[in-house]
Each structure stands twice: as C-alpha cells, then as structure tokens.
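# Tertiary structure, described
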Amino acid sequence: MTAEEVIAKFKEAGALLEGHFILSSGLHSSVYLQCAIALESTRAAAEFGSALAKHFAASQIDTVASPAIGGIVIGYEVARQLGVRFIWTEREVGRMSLRRGFQVSKGERVLVVEDVITTGGSTRETIEALAALEADVIAAGSIIDRSGGRAEVGVPRVSLATLDVAAVAPAECEACCRGDQAIKPGSRKTT
C-alpha cells in the first residue's frame, strides 16, 4: 500500500479534514485526521493492518500493544495479521499503564502501534510503560505520521504515510490570533 493510497482512503472516507482544529494533544492544526471514520470500514482496517504487519513480519513479534483509544482498532488488526496477541494501555491518573488484567513478561518482544502520530507522546508513554515492566519494545508503527518524520519515540518506527502538517500551541496559532474559532472534531455537544 503506497502513501498516496493511504491518504486517498482517508479522503474517500471523509476522515481527512481541513480547517482550524484542536488535536487531542491540545495543539492546533489546519488538518485533522479522524481515524475512527477511516477505520470504521473493516476492509480498510484490514488493508492498513496488513500493510503495517508486512513491515514487521520478520521481526519475531510476541505482542502488539496500542495506546487507547485511537490505536486499538489498528493495533488489533496488526496483531491479527501477525498472529500474535494484542493488549493496550490507558491513561490512569495522568500516566499510561497497561489496561487492568494485561501482563507482559520480561524480554517479551512488543510492537507498539497507533493510528496517527503527531508528537509521539502516546506512543512514547506506551513504550515507557512497557519498558518499566521489562518488556522489549522493538519498534513502533502507525498508519499516518503527521509530524513530517520529526516525532521521536525512542525505538525505530514505520508509518504507511507521512504528512508534514504544522501542529502548534494555541498561543502560537495564527488562526487563533485572527480570532478564528477552533473546533475539536468528534466532540459531543453539551446541553
């Protein structure tokens, strides 16, 4: 699967949005990737999962782990394609930790998979949580790297497509300075 095909699938699904957005990291950007929309098609999820799994087929992966919530669908699909178990982390009291009930063994070879990397924060936190449990995190993967390749996660990583899209602090956001209202896609309206 080429990078162009990945981006085309996001566009076809209506999952690549342009405007003025607040990302889950709190940063602002003119592009938002609504991965849940792209991954609601089980066929697309399988295609993305297969393409990512091919990068790691010879890596002797024991487990795939993903940060909740964004990475769960694609992480599960990559694990299914590799024929290995799947686990995930979640943020509890501000720290990423394994979802209750999951365990890893010392030296267990883990691949961390996420849908989109912007700063690499969730992936890095997942890697740190697994490393603290003495797992051997050997690599990371994502469908899209929107950092232009600049996000550092501490292990080698692969993305199916890379975009170079600015993500800035609200105080540095030109659209905010113009008075444009930022939106957080997928936010529920309160009544």
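Description of the structure in this document. (Residues numbered from 1 in each chain as written. Predicted model: local features only at pLDDT ≥ 70, side-chain atom pairs only at ≥ 80, totals over all residues. Heavy atoms only, no water.)

## Focus: the packing of aromatic side chains
Going by this rule: Two aromatic rings, drawn from Phe, Tyr or Trp (for Trp, its six-membered ring), form a pair once their centres lie within 6.5 Å of each other, and the interplanar angle then sorts them: stacked below 30 degrees, edge-to-face above 60, tilted otherwise. Helix and strand assignments follow DSSP, with helices taken as H or I runs no shorter than four residues and strands as E runs no shorter than two, numbered in order from the N terminus. For each residue, the accessible area found with a 1.4 Å probe, counting protein chains only, is set against the maximum for its type, and the residue is called buried under 20%, exposed over 50%, and partly exposed in between.
The final tally for this structure, using the stated rule, is five aromatic pairs. Taking 5.8 Å as the distance between ring centres and 40° as the angle between the ring planes, the aromatic pair formed by Phe 10 and Phe 48 counts as tilted. With Phe 10 in helix 1 (residues 3-13) and Phe 48 in helix 3 (residues 42-56), the pair connects residues that are 38 residues apart, well separated along the chain. Residue Phe 10 is classed as buried on the basis of its relative accessible area, which comes to 0%. Judged by relative accessible area, which is 0%, Phe 48 ranks as buried. Between Trp 88 and Phe 102 the ring centres are 5.0 Å apart and the planes differ by 75°, which places this aromatic pair in the edge-to-face class. Highlighted residues: Trp 88 in strand 4 (residues 85-92) and Phe 102 in the loop between strand 5 (95-98) and strand 6 (109-117), separated in sequence by 14 residues. Take Phe 102: its relative accessible area is 24%, and that puts it in the partly exposed class. The rings of Tyr 76, Phe 86, Trp 88 and Phe 102 are connected pair by pair, giving a single aromatic cluster.

## Here's the deal with helix 5 (residues 121-132)
For the record, the criterion: Any helix carries an expected span of 1.5 Å times its number of residues minus one. Any pair of residues with heavy atoms lying within 4.5 Å of one another is described as a contacting pair.
Along its twelve residues, helix 5 runs 16 Å from first to last C-alpha, staying within 8% of the 16 Å computed at 1.5 Å per residue. Among all positions in helix 5, only Gly 121, Thr 123, Thr 126, Ile 127, Ala 129 and Leu 130 are buried. Buried-residue contacts for helix 5 involve strand 3 (63-67), strand 4, strand 5, strand 6 and strand 7 (136-145).

## So, the sheet that holds strand 7
Where we set the bar: In short, DSSP must find at least two bridges between two strands for them to pair. Only the stretch in contact is used when fitting a helix axis, every axis being a line fitted to C-alpha atoms; angles between N-to-C directions are given from 0 to 180 degrees.
One open sheet accounts for six strands, arranged 5-4-3-6-7-8; its pairing is mixed. At either margin of the open sheet sits one strand with a lone partner, and together these are strand 5 and strand 8 (157-162). Ignoring strand direction, the axes of neighbouring strands in this sheet form an average angle of 25°. As defined by bridge partners, strand 7 adjoins strand 8 across five bridges and the pair is classed as parallel. Within the sheet, the bridge partner assigned to Asp 145 lies in strand 8 and is Thr 162. Set on the sheet, helix 5 makes contact with strand 3, strand 4, strand 5, strand 6 and strand 7; between it and strand 6 the angle comes to about 165°.

## Things to note about the side chain of Ser 29
For Ser 29, the location among the structural elements is in strand 2 (residues 28-33). Ignoring sequence-local partners within four residues, the contact set of Ser 29 consists of Gly 19, His 20, Phe 21, Leu 23, Arg 146, Val 165, Ala 166 and Ala 167.

## Quick notes on the pattern of salt bridges
Heads up, the rule is: Salt bridges are defined as contacts in which a side-chain nitrogen from Lys or Arg sits within 4 Å of a carboxyl oxygen from Asp or Glu.
A complete count under the given rule lists ten salt bridges for this structure. One salt bridge in this structure joins Glu 90 and Arg 100, with 3.7 Å as the shortest N-O distance. With a gap of ten residues between them, Glu 90 in strand 4 and Arg 100 in the loop between strand 5 and strand 6 connect regions that are remote in the sequence. Take Arg 100: its relative accessible area is 57%, and that puts it in the exposed class.

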